[in-house]
Amino acid sequence: NAGVTQTPKFRILKIGQSMTLQCTQDMNHNYMYWYRQDPGMGLKLIYYSVGAGITDKGEVPNGYNVSRSTTEDFPLRLELAAPSQTSVYFCASSYHNRGQRDEQYFGPGTRLTVT
Amino acid sequence: ELKVEQNPLFLSMQEGKNYTIYCNYSTTSDRLYWYRQDPGKSLESLFVLLSNGAVKQEGRLMASLDTKARLSTLHITAAVHDLSATYFCAVGDRDDKIIFGKGTRLHILP
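So, how was this worked out
Residues numbered from 1 in each chain as written. Chains lettered and ligands numbered in written order. Predicted model: local features only at pLDDT ≥ 70, side-chain atom pairs only at ≥ 80, totals over all residues. Heavy atoms only, no water. Helix = DSSP H or I, 4+ residues; strand = E, 2+ residues; numbered from the N terminus. Contact = heavy atoms within 4.5 Å. Disulfide = S-S within 2.5 Å. Buried < 20%, exposed > 50% of the residue type's maximum accessible area, 1.4 Å probe, protein only. Buried area = accessible area lost by both parts, 1.4 Å probe. Salt bridge = Lys/Arg side-chain N within 4 Å of Asp/Glu carboxyl O. Polar contact = N/O pair within 3.5 Å; in protein donor to acceptor, adjacent residues only side chain to side chain.

Before going further, it helps to spend a moment on the environment of Gly58(A). Note on placement: Gly58(A) falls in the loop between strand 6 (54–57) and strand 7 (64–66). In this view, Gly58(A) contacts Leu45(A), Ile46(A), Tyr47(A) and Lys97(B); residues no more than four positions away in its chain are not counted.

Right, dumping it as structure tokens:
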């Protein structure tokens, strides 16, 4: 199992550009999450999904969009990049079922700089 | 809205000493997680705590959960340099969000 994979690893964007951060998991997890981590800070939840076709906002959703058309993939879209979106982005997945709440497995992260 | 607070945020300690990191949360939850992050790396799961009074141990780390007090602790016994890292607690809310604390940056001096 590859676990949770993210692409790209690094990216520099100009203000106003758009991009999609890719996230794929091969563990058949039903839950997936996107977080951002600013330097020296904790993780802030952007969006999450409890299953294919279902997404919901987290703590800091403004400026981002997501979709979940398959169990495996959970891409994060930045439409009009702003310097405030400079951060490290982590995707995570976990398995939830009645009475079972597994831990999150994290991808390696995407380091994004907007200038 | 669920809030998660960790303290201390920074901790410098000597090898061989014991210390405890605290994680408080603001609303009822049925699950709490502890993660470790090394500089420039991703997060690694340490413990999952799902019930009041749960206690889990792995090596020199022990985590416990008191759901009535909305408090979890991560206790470090006889610290060694390899435990230097940032430790995060995370709490699940009733809408299935998982919210993280700000993390505790632990530096263990030889």
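From this point, the narrative continues.
Here is the idea: a disulfide is a covalent bond, and it sits between the sulfur atoms of two cysteines. If you walk through the whole model with that rule in mind, you get two disulfides over all chains. A sulfur-sulfur separation of 1.8 Å characterises the disulfide bridge that pairs Cys23(A) with Cys91(A). Between Cys23(A) and Cys91(A), the disulfide has an S-S torsion of -70° and is therefore left-handed. Taken together, the residues Cys23(A) in strand 3 (residues 19–25) and Cys91(A) in strand 9 (residues 87–94) connect sequence positions 68 residues apart. The same class applies to Cys23(A) and to Cys91(A), which are both buried. Residue Cys23(B) pairs covalently with Cys89(B) via a disulfide, S to S 2.0 Å. In this structure the cystine formed by Cys23(B) and Cys89(B) twists about its S-S bond by roughly 75°; its chirality is therefore right-handed.

Below, the discussion takes up the interface of chain B and chain A. At the interface, 22 residues of chain B touch 24 residues of chain A. On the chain B side of the interface with chain A, the three residues burying the most area are Asp96(B), Ile98(B) and Phe100(B), jointly 27% of the side's total. Here chain B and chain A share zero salt bridges between them. Across the contact surface, chain B and chain A share six residue pairs in polar contact (both at pLDDT 80 or more). Elements with a minimum of two residues in the side of chain B that touches chain A: strand 4 (32–37), strand 5 (43–49) and strand 10 (98–100) of chain B.

This is a description of form; function is not addressed.
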